[in-house]
Amino acid sequence: MSQVNLMNLVRDKVKALKAYHVETIDAEIKLHANENPYPPPPELFNRLQESLKSFQLNRYPDPDSQVLKETIAEINRVPAESIVIGNGSDELIQLILQIFCDEGDAFAFPDPTFAMYAIIGKGLGLNPHPFPLNDSWDFKGEAFLAFLAEKNARVVFFSYPNNPTGNCYSANEIKKVIEGFQGIVVLDEAYFDFARKTFIDDIKKHNNLILLRSLSKIGLAALRVGFGIADPAIMEQINKVRLPYNSNTISQAFAAQVLRDFSPVKKQIDIILTERERLAKALSALPNLTVFPSDSNFILFRVEQEGEKVFENLMKNGILIRNLNAHPRLKNCLRVTVGTREENDQFLAQLVKIKG
Ligand SMILES: Cc1ncc(COP(=O)(O)O)c(C=O)c1O
């Protein structure tokens, strides 16, 4: 038996980290993780069940996810060589930082934004630099470019739309950064299907641009499928560090089926978009509450009383949303994912009770 001092072995930068907190409370109504509230449409599910029989689960998956890449290539009219599949887009964020940054290097993002950029970067020993968004959750390209130069940033992340604020930044300001920055620009379009705005056409013009998409928000969160699109020269580098079997057989096959036959999922997205407008309107009608505009499948709002208490009260009543109070710019802010009509109604009814 050996008892070594493990803490002496762990890298200092890792010791200083805190694990990403994922809410695992089993609430009846889960509106905290920006998932699709609907399961995959039955016709798609039945087809997957059928194809399961032909899967060789004793064999490794296709290391290059070729069929899935070709499906994505055809839909998005880009060459398959410009695509990489990730175990969720989180994995791709890590790979990008891994290939473009050495330990101690700087990278940046407008803030507040998706917490994983900083968490992943710190885990790799990098220095994250948040750039404060203005009160409309937007920024000016020139100021951001000056910040990137001052920090000597190698990579910049734009969550477009931005999680957790919900909005898309001004496309013109992003364009200024793409054109003026000599490093890598990552356009994280995890919520593309709800915003339907994209920078995909800029990939051909700018070899330093990487687009990220996710299937987690449109119904396949459990399968962990994300993909990246960029110049094939970038993919060549990513493929050197990517683990060969990072995407499993079931995820590859189901993702390809869902993307090929997208109309049932699109119907779900359309319902979610209608519900988003209804939910935003109902929230805006409540007193002492500020609702921020959303291009996503979630809504950020600020309450005047203690956000913490509102969050806990909802949780006591089986409704889990996201409490963002810990961020200094998001005091008393909460984020609610658009659920089914019934879930949204229950959430609203409970909120009215708390505020009343
Ligand atoms: C902006 C943004 N990017 C990426 C992700 C990660 O998505 P995935 O499930 O594909 O790893 C999320 C998930 O919340 C997100 O909000």
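Per chain, residue numbering runs from 1 following the sequence as it is written. Totals for whole chains, interfaces and linings use every residue, but because this is a predicted model, local features are given only for residues with pLDDT of at least 70 and side-chain atom pairs only at 80 or more, for both listing and counting. The basis for every side-chain value is the complete set of heavy atoms in the structure, and neither hydrogens nor water enter the calculation.

In this section: the state of the cysteines. A pair of cysteine sulfur atoms is labelled a disulfide when the two atoms are within 2.5 Å. Applying the stated criterion across every chain yields a total of zero disulfides. Its sulfur unpaired, C333 is 19 Å from the next cysteine sulfur, which belongs to C168.

Here we come to the nonpolar core. Within the largest apolar cluster, 84 residues are counted, with the highest numbers of intra-cluster contacts made by F158, L187, L283, F301, I321 and F347. Numbering goes from the N terminus for both helices and strands, where a helix is a DSSP run of H or I of at least four residues and a strand is a run of E of at least two. Counting residues per element, this core draws most heavily on helix α13 (residues 263-284), which supplies seven residues. Boundaries between domains were set according to an automatic or database domain assignment. When residues are assigned to domains, this core turns out to be shared by domain 1 (24-40 + 264-355) and domain 2 (53-260), each giving three or more. Sequence-distant contacts of I321, that is, excluding residues within four places in its chain, are made with L31, H32, F301, F311, L314, L334, R335, V336 and F347. For our purposes a nonpolar core is just a set of buried Ala, Val, Leu, Ile, Met, Phe, Trp, Tyr and Cys residues, chained together by side-chain atoms within 4.5 Å. The cut-offs for exposure are 20% and 50% of the maximum accessible area for each residue type, with area from a 1.4 Å probe on protein chains only; residues under the lower value are buried, those over the upper are exposed, and the others partly exposed. When checking whether two residues touch, look at their non-hydrogen atoms; a contact exists if any pair is within 4.5 Å.

This part takes up the packing of aromatic side chains. Ring geometry is summarised as follows: Phe, Tyr and Trp rings, the Trp one being its six-membered ring, pair when their centres sit within 6.5 Å, and such pairs are stacked at plane angles under 30 degrees, edge-to-face over 60 and tilted between the two. All told, the structure shown has 19 aromatic pairs when counted by the stated rule. Between F144 and F147, the aromatic rings sit 6.2 Å apart at their centres with planes inclined by 15 degrees, giving stacked as the arrangement. Of this pair, F144 and F147 both sit in helix α7 (residues 141-151), three residues apart, which is roughly one turn of that helix. By relative accessible area, F147 is classed as buried at 12%. Taken together, the ring pairs in this structure connect F131, F139, F144, F147, F158 and Y169 into an aromatic cluster. A ring has a charge above it when a Lys NZ or an Arg CZ is no more than 6 Å from the ring centre and no more than 35 degrees off the ring normal. R213 extends its terminal NZ or CZ atom over the ring of F192, reaching a point 3.7 Å from the ring centre.

This paragraph deals with the domain arrangement of the protein chain. Domain assignment breaks the protein chain into domain 1 (24-40 + 264-355) and domain 2 (53-260). Counting from both sides, the interface comprises 26 residues of domain 1 and, opposite them, 29 residues of domain 2. Three residues stand out in domain 1 for area buried against domain 2, namely I269, D295 and R329, and they jointly supply 29% of the buried area on that side. Salt bridges are defined as contacts in which a side-chain nitrogen from Lys or Arg sits within 4 Å of a carboxyl oxygen from Asp or Glu. At the boundary of domain 1 with domain 2, the tally comes to two salt bridges. With a closest N to O distance of 3.4 Å, R329 and D135 form a salt bridge. Nitrogen and oxygen atoms within 3.5 Å of one another constitute a polar contact, given that in protein one can donate a hydrogen and the other can accept it, and given that sequence-neighbouring residues count only through two side-chain atoms. On the surface where domain 1 and domain 2 come into contact, there are twelve residue pairs in polar contact (both at pLDDT 80 or more). Breaking the side of domain 1 that touches domain 2 down by element, the ones donating at least two residues are α13 and β10 (298-303). Classifying every residue of the side of domain 1 that touches domain 2 by side-chain character gives twelve nonpolar, seven polar and seven charged. Accessible surface is computed with a 1.4 Å probe, and the buried area is the amount of it that two parts give up when combined, taken over both parts together. Charged residues are taken to be Asp, Glu, Lys and Arg, nonpolar residues to be Ala, Val, Leu, Ile, Met, Phe, Trp, Tyr, Cys and Pro, and polar residues to be all remaining types, Gly included.

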